[in-house]
Amino acid sequence: MTTDHAHPTPRMYIAGEWCTGGTGRTAEVVNPATEEVIGHVPLATTADLDRAVDAAVAGFDTWRATPVAERTAILHRAADLLVARSAEVGRTMTREQGKPLAEASGEARRVAGALRWDADDARRAYGRVIPSAPDTLLTVRRQPIGPVAAFTPWNFPAGGPMRKIAGALSAGCSIVIKASEETPGTACELVRCFADAGVPAGVLNLVFGEPAEVSAHLIAHPATRLIAFTGSVPVGKLLASAAGARMKPALMELGGHAPVLVCADADPVTAARRSAAAKFANAGQVCTSPSRFLVHESLVDAFTEEFVRAAGRVVVGDGLDEGVTMGPLANERRLKAMETLTADAVARGAKILTGGGRLDRKGYFFPPTVLTDVPPDAELMTDEPFGPIAPVVPFADLDDALRTANALPYGLAAYGFTRSTATAEHLTRELEAGILSVNHCGGSVHEAPSGGVKSSGYGREGGPEGLDAYLVTKRVSHLLTD
Ligand code: NAD
């Protein structure tokens, strides 16, 4: 990979070499704040993909034979390099994804912590010795599953790929990862940290390409043993079906439509401030973003007023500019989606309290938007918005609100605000979600697992559960002969 002053030149990384695709096909990389083309990403041919899988097969042999302490030391070195380079990685990320520089470099530093957690946890991937007959040694071993095929999106250009790379490499697997073609520079910088830290050739391979072509090829390839995907529910279902047809396990981190339940005994101002901060982070392009605000009718005016005030404090602009707290949407598709969702809600009777239309400037800017009187059949209430739009809906009865919260096929994150422990426990029992936060809307932590239920996917990333998908369990019954 070469680096110029403006932006790194994206390359694929196969068998320890930075390279371009066989036919020279490329796709444009666009800065969403300016709509300027800032680079071109090479697209893999099937021959490139086969080379990457062959490299991963050889890399797996090398890496699984490397002592775990040595692997851990290399991965910690990669984490150190990422932290040291986080300002540079952040600039690359902001240019190609749009999020403010502080968020971007913060993401790079934070995911270094995720890598350290997985790397350390792999040292404790204990098996078991099970009491058996005196002449039998009965054990359970945990072994790396093999070469992984992974696919990650553009919303967390460092965090998405890191979650997969950290899990795979910590467990002793090799990986072929197709990161997003829209944020390739960040993925290259991330991979460069691993390469510079001493990860052997073939263990980590980075490709780009036509997403459907790449996933079809890598999933069907007999040498890939686990399919790991982060992205939308429809694409996740396609990939999980293709994996299932070949009896390959899959790790699916898919979308959500997170309800926030503000109960009658909550502090509406605190709830509004914390919800708004989470809602507008990364311009709402987070799978766990709070996206349906169900507020007890006695608090709805106070909550809405404070939420609109918080929306007004958001400084929208180019993420490279000082003081900006929300960048543009990452691509034109999201901008169009915001326009469509808002128009549909308004056509069905919703009122716009703030925001509501793209900003009159170059770039994919859509301001923080708050809507009330949004009917349940508005697309915004059923389709994952993945953008900075917040519908506020009053409720009279908590169990009705819970039914509304659980009515969608999604089940990723949910949030509740209440002063009552009993009510918090009721929410904990009843909300259909893989992640629940009570009285705050903070993000994920390395020590605990993240993942969904229902259509939001299966498998977990982070926490002690984070390595499970990358390890297979083997029962070994050894009849002792002497
Ligand atoms: P999309 O469904 O077209 O793509 C989502 C991601 O999947 C992208 O990174 C894309 O490159 C990849 N992808 C698409 N088709 C693929 C295929 N056949 N094989 C492998 N990868 C494939 O949508 P989009 O416009 O990029 O994003 C919009 C929606 O995606 C959002 O509304 C949101 O629901 C979802 N999304 C979710 C996450 C998440 O973190 N769970 C991240 C990004 C996008």
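How each quantity is defined
- Residues numbered from 1 in each chain as written.
- Predicted model: local features only at pLDDT ≥ 70, side-chain atom pairs only at ≥ 80, totals over all residues.
- Heavy atoms only, no water.
- Pairing = 2+ DSSP bridges.
- Helix = DSSP H or I, 4+ residues; strand = E, 2+ residues; numbered from the N terminus.
- Axes fitted to C-alpha atoms, helices over the stretch in contact; angles between N-to-C directions.
- Contact = heavy atoms within 4.5 Å.
- Polar contact = N/O pair within 3.5 Å; in protein donor to acceptor, adjacent residues only side chain to side chain.
- Buried < 20%, exposed > 50% of the residue type's maximum accessible area, 1.4 Å probe, protein only.
- Phe/Tyr/Trp six-rings, centres within 6.5 Å; stacked < 30°, edge-to-face > 60°.
- Patch = residues over 30% accessible without salt bridge, like charges linked within 9 Å, V, L, I, M, F, W, Y side chains within 5 Å.
- Areas by Shrake-Rupley, 256 points an atom, 1.4 Å probe, with all protein chains shown as cover.
- Salt bridge = Lys/Arg side-chain N within 4 Å of Asp/Glu carboxyl O.
- Near = heavy atom within 4 Å.
- Nonpolar A, V, L, I, M, F, W, Y, C, P; charged D, E, K, R; others polar.
- Domains from an automatic or database assignment.
- Buried area = accessible area lost by both parts, 1.4 Å probe.
- Expected span 1.5 Å × (residues − 1).
- 1 Å grid on protein atoms, 1.4 Å probe; cavity = no way out; pocket = protein on both sides within 12 Å on 5 of 7 lines; lining within 4 Å.
- Points joined across faces, edges and corners; volume = space filled by probe spheres on them.

A. Spotlight on the sheet that holds strand E8 (residues 136-144). Across the sheet, which stays open at both edges, the 3 strands sit in the order E7-E8-E22 with antiparallel pairing between neighbours. Strands with a single pairing partner mark the edges of an open sheet, and in this sheet they are strand E7 (128-130) and strand E22 (471-479). Each strand axis lies, on average, 20° off the axis of its neighbour in the sheet, ignoring direction.

B. Structural view of the environment of Thr-230. Topologically, Thr-230 is positioned in strand E12 (residues 226-230). Taking the C-alpha atoms as reference points, Thr-230 and Gly-255, separated by 25 residues in sequence, lie 8.3 Å from one another. Those residues within four positions of Thr-230 in sequence are excluded, and the remaining contacts are Phe-151, Thr-152, Pro-153, Lys-164, Glu-253 and Glu-461. Side-chain polar atoms of Thr-230 contact the side chain of Lys-164, separated by 2.7 Å.

C. Inspection of unusual backbone geometry at higher detail. Positive phi, normally seen in glycine, also occurs at Glu-35, with a value near 65°. Here Glu-35 shows up in the loop between strand E5 (26-31) and strand E6 (36-42). The phi dihedral of Ala-283 falls on the positive side, at around 55°, and the residue is not glycine. Along the chain, Ala-283 falls in the loop between helix H9 (268-280) and strand E15 (290-296). You can call Ala-283 buried: its relative accessible area is 2%.

D. Just the packing of aromatic side chains, in detail. Throughout the structure, instances matching the rule amount to 6 aromatic pairs. Considering the side-chain rings of Tyr-13 and Trp-18, the 4.6 Å spacing of their centres and the 45° angle between planes classify their relative orientation as tilted. According to the relative accessible area criterion, Trp-18 is partly exposed, its value standing at 25%. When the ring of Phe-303 is compared with that of Phe-307, the centres are 5.6 Å apart and the planes differ by 35°; the resulting orientation is tilted.

E. Region of the structure containing a nonpolar patch on the surface. Where nonpolar side chains cluster on the molecular surface, the patch consists of Val-129, Leu-137 and Leu-480 and spans about 250 Å² of accessible area. Here Leu-480 lies in the segment after E22.

F. Spotlight on the site of the ligand. The immediate surroundings of the ligand are formed by 21 residues, with Trp-154, Ser-215, Ser-232, Arg-333 and Glu-384 found nearest. In the model, an oxygen atom of the ligand is placed 3.4 Å from a nitrogen or oxygen of the Asn-155 side chain. One nitrogen or oxygen atom from the side chain of Ser-232 is found 2.6 Å from an oxygen atom belonging to the ligand. When the ligand sits alone it has 790 Å² of accessible area, and the protein chains cover 84% of it. Only helix H7 (211-220), E12, helix H8 (233-245) and helix H11 (332-347) provide two or more residues apiece to the shell around the ligand. Broken down by element, the shell around the ligand gets its largest block of residues, 3 residues, from H7. Along the lines of polarity and charge, the residues of the shell around the ligand split into 10 nonpolar, 7 polar and 4 charged. Looking at which domains feed residues into the shell around the ligand, each of domain 1 (12-254 + 456-475) and domain 2 (258-445) supplies at least three.

G. Up close: the environment of Val-41. With respect to the element layout, Val-41 can be found in strand E6. The residues contacting Val-41, other than those within four sequence positions of it, are Pro-10, Arg-25, Thr-26, Ala-27, Val-29, Glu-181, Pro-184 and Phe-208.

H. Region of interest: the domain arrangement of the protein. Considered domain by domain, the protein is made up of domain 1 (12-254 + 456-475) and domain 2 (258-445). Counting residues at the interface gives 23 residues for domain 1, matched by 30 residues for domain 2. The junction of domain 1 with domain 2 conceals about 2100 Å² of combined surface from both sides, 53% of it contributed by carbon and sulfur atoms. Notably, a salt bridge pairs Glu-35 with Arg-358, separated by 3.7 Å at the nearest N-O pair. Mapped by element, the contributors of at least two residues to the side of domain 1 that touches domain 2 are helix H3 (86-97) and helix H4 (101-122). By residue number, the principal contributor to the side of domain 1 that touches domain 2 is H3, which donates 4 residues.

I. Quick look at the sheet that holds strand E18 (residues 389-395). Strand order in this open sheet of 7 strands is E16-E17-E18-E15-E14-E19-E20, and the pairing throughout is mixed. Of all strands in the sheet, those bounded by a partner on one side alone are strand E16 (351-354) and strand E20 (435-438). Pairwise comparison of adjacent strand axes, ignoring direction, gives a mean angle of 25° for this sheet.

J. Highlighting H8. Between its first and last C-alpha, H8 extends 18 Å over 13 residues, near the 18 Å set by a 1.5 Å rise per residue. Against strand E9 (148-151), H7, E12, strand E13 (250-253) and strand E21 (457-458) lie the buried residues of H8. Once H8 ends, the next one or two residues include Met-247, with phi positive near 55°.

K. Representation of the side chain of Ser-170 in the model. Note that Ser-170 resides in helix H5 (residues 159-171). Of note is the side chain of Ser-170, whose polar atom sits 3.2 Å from the backbone nitrogen of Ala-119.

L. The pattern of salt bridges, seen in detail. This model, assessed by the stated rule, comprises 26 salt bridges. The partner of Asp-80 in a salt bridge is Arg-116, with the nearest N and O atoms 2.9 Å apart. With a gap of 36 residues between them, Asp-80 in helix H2 (residues 68-84) and Arg-116 in helix H4 connect regions that are remote in the sequence. We classify Asp-80 as partly exposed; its relative accessible area is 42%. Where Asp-344 meets Arg-348, a salt bridge forms, and the shortest distance between an N and an O atom there is 2.9 Å. Among the residues examined, Arg-348 registers a relative accessible area of 38% and is labelled partly exposed. Each of Arg-273, Glu-305, Glu-306, Arg-309 and Arg-313 takes part in one network of salt bridges that share partners.

M. Inspection of empty space enclosed by the protein at higher detail. The final tally for this structure, using the stated rule, is 4 cavities of 30 Å³ or more. One number sums up the size of the largest cavity: a volume of about 60 Å³. The wall of the largest cavity is formed by 14 residues, among which Pro-259, Tyr-410, Gly-411, Ala-413 and Glu-432 lie closest to the centre. Taken together, the elements giving at least two residues each to the lining of the largest cavity come down to strand E14 (258-262), helix H13 (398-406) and strand E19 (413-417). Across the lining of the largest cavity, the residue classes tally to 9 nonpolar, 3 polar and 2 charged. The calculated volume of the second largest cavity comes to roughly 40 Å³. Along the walls of the second largest cavity sit Ala-114, Trp-117, Asp-118, Arg-163, Ala-166, His-446 and Gly-462, which together make up its complete lining.

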